[in-house]
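What follows is the residue order along each chain.
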Amino acid sequence: MPPVTDRMRAMVEIFADEATKAGFGHVAPPMFEEVGVFVRLGEATDVVKKELYSFEDKGGRMISLRPEQTASLCRMFAQRRPVTPWKAWYSGANFRYEQSQKGRFRQFDQVGAEVIGSSDPDLDTELIALAARFYARIGLTRTQLLLNSLGDPADRAVYTDALRSYLSANASGLSEQARETMQRNPLRVLDSKRESDQEVVGGAPRLAEFLSVEATAAFERVQRGLRALEIPFVIESRLVRGLDYYNRTTFEFAAPGLEAAQNAVGGGGRYDGLVADLGGPDEPGVGFALGVDRTLLACDAEGAFEAPVTAPQIWVIATTGGIEAVELADRFRLAGLRADRSDSSRSMKAQMKAANKSGAEVAVIVGPDETAQGAVSIKPLRGQGEQITVPDHASLRTVQEYLQK
Ligand code: AMP
């Protein structure tokens, strides 16, 4: 409800503006897909293993509510084959069966942008710049950009083996949950927030030492790009992110004002194998998603991004029993102003009360005297200023002049 929804909408509009300026077209992925679209995101990820809202529809198909929108974009790309590089942005709700808590909801909104069909690392830089510009425009100043490279699948396979061996050798120091994750997906142990796990993780081999020459060159190119655009970043070698399909560049924006476990306000990276995995052509991809709800919490922590003003500027009051209030409000709206009115059958006193409560700057009043003269009265509701009566045809101009003061 307002004012939260007003802020969310304003945020999405700013994102839309930045994405459009950067050459992204708007797409609207469906709220649900056949479960297979999401299952291919990776059997070992939490999002797929535990968090999908899945059900059988009346036609006997297994359906899942979308837990994110990248998979749908890849599916759309595979079916429609748009011209590459395909640059698309989206916004809207996602659903994950999570332990809900502050900053973690079962329904949450994201805005995101993806590019399919190019492995140019400068696109990674441009996407990060788009997210950074968005945060800057909404007034967040303390977000931190964490950057890593996950290398190519071959690098990652060698690394995963090395990591699994290391973690097995040190399993006694790990939490039970980490020991379980270690078998399924050792990379995920790296971003465990538990203190005991952190100690073991601190001594783990680093992915950076396993990167191929090509992956290293791409990573360096992204860093050079970010420096050229003066976007500060921190290399975080333990940043692996939740979804399995990432390779090469991976990044996250952290808001220090939020609790550590839920301080990621957005993140993304490259997913060069995903489109092919979803049955499409072998085209690389890169993108990110930003959590709108959580970004709002970060704004609250920084005292940033106030709700846009939506209160009416003008409140119309008519006590003649005629249709004047509706006509006047319509005239002001047509001129681009925010105008509202109260129920014309109510007393002058009750309508004035509503006007004062509305937050409007002026009341436009039509009573029997005004009707007799073909006039309206204009009464400032805030600050100084006298009530004046002007001919009906001058009402719009007079109100506009008043509002400009
Ligand atoms: P992900 O799709 O998991 O990479 O998440 C991208 C961003 O979406 C995160 O950085 C969060 O800001 C946001 N997000 C993810 N899951 C949730 C959730 N359950 N509740 C609120 N925000 C979320």
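Here the structure is a predicted model, which is why all the values come from computation and not from measurement.

1. Some remarks on the packing of aromatic side chains
Here comes step 1: Evaluated as defined, the whole model comprises ten aromatic pairs.
Here comes step 2: Considering the side-chain rings of Tyr 53 and Tyr 97, the 5.6 Å spacing of their centres and the 80° angle between planes classify their relative orientation as edge-to-face. Linking Tyr 53 in the loop between helix H3 (46-49) and strand S3 (54-56) with Tyr 97 in the loop between strand S5 (86-95) and strand S6 (107-116), this pair joins segments that are 44 residues apart in sequence.
Here comes step 3: With a relative accessible area of 45%, Tyr 97 lands in the partly exposed category.
Here comes step 4: Members of the aromatic cluster, each reached through a chain of ring pairs, are Phe 15, Trp 89, Phe 134, Tyr 135, Phe 251, Phe 253 and Phe 288.
Here comes step 5: Directly above the ring of Tyr 97 sits Arg 106, whose terminal nitrogen or CZ lies 4.1 Å from the centroid.

2. Here's the deal with the domain arrangement of the chain
Many authors give the size of an interface as the accessible area that is lost as the parts come together.
Here comes step 1: Parsing the chain into structural domains produces domain 1 (4-152 + 212-302) and domain 2 (314-404).
Here comes step 2: Centre-to-centre separation of domain 1 and domain 2, based on C-alpha positions: 48 Å.

3. What to know about the sheet that holds strand S4 (residues 62-65)
Here comes step 1: The strand order across the open sheet built from three strands is S2-S4-S3, with neighbouring strands paired in antiparallel fashion. At either end of the open sheet lies a strand with only one pairing partner, and these are strand S2 (32-34) and S3. Pairwise comparison of adjacent strand axes, ignoring direction, gives a mean angle of 35° for this sheet.
Here comes step 2: Both S3 and S4 contribute to a ladder of three bridges, which runs antiparallel. Within S4, the residue paired with Ser 54 across the bridge is Ser 64.

4. What about the pattern of salt bridges?
Think of it this way: side chains of opposite charge can pair up when their charged atoms draw near.
Here comes step 1: Considering all chains together, one arrives at 16 salt bridges under this definition.
Here comes step 2: Between Arg 104 and Glu 98 there is a salt bridge; the shortest N-O distance is 2.9 Å. When sorted by exposure, Arg 104 lands in the same class as Glu 98, which is buried.
Here comes step 3: A salt bridge links Asp 161 to Arg 164, with the nearest nitrogen and oxygen atoms 3.7 Å apart. Here the residue Asp 161 and the residue Arg 164 both occupy positions in helix H6 (residues 153-169), the gap between them amounting to three residues, near one helical turn.
Here comes step 4: A single salt-bridge network, built from bridges that share partners, covers Asp 17, Glu 18, Lys 21 and Arg 137.

5. Notes on the packing of helix H5 (residues 121-137) against helix H10 (residues 213-228)
Here comes step 1: Where H5 meets H10, the axes come as close as 8 Å, and the angle between the chain directions of the two elements is 40°. Judged on the interaxial angle alone, H10 and H5 are oblique. When you trace H5 past H10, the crossing you get is right-handed. Contacts from Pro 121, Asp 122, Asp 124, Thr 125 and Ile 128 of H5 reach H10 at Ala 218, Arg 221, Val 222, Gly 225 and Leu 226.
Here comes step 2: Of the residues belonging to the contact of H5 with H10, the class tally is five nonpolar, two polar and three charged.

How each quantity is defined
- Residues numbered from 1 in each chain as written.
- Predicted model: local features only at pLDDT ≥ 70, side-chain atom pairs only at ≥ 80, totals over all residues.
- Heavy atoms only, no water.
- Phe/Tyr/Trp six-rings, centres within 6.5 Å; stacked < 30°, edge-to-face > 60°.
- Helix = DSSP H or I, 4+ residues; strand = E, 2+ residues; numbered from the N terminus.
- Buried < 20%, exposed > 50% of the residue type's maximum accessible area, 1.4 Å probe, protein only.
- Lys NZ or Arg CZ within 6 Å of the ring centre and 35° of its normal.
- Domains from an automatic or database assignment.
- Pairing = 2+ DSSP bridges.
- Axes fitted to C-alpha atoms, helices over the stretch in contact; angles between N-to-C directions.
- Salt bridge = Lys/Arg side-chain N within 4 Å of Asp/Glu carboxyl O.
- Parallel < 35°, antiparallel > 145°, perpendicular 65-115°, else oblique.
- Left-handed = near helix turned anticlockwise from the far one by under 90°.
- Contact = heavy atoms within 4.5 Å.
- Nonpolar A, V, L, I, M, F, W, Y, C, P; charged D, E, K, R; others polar.

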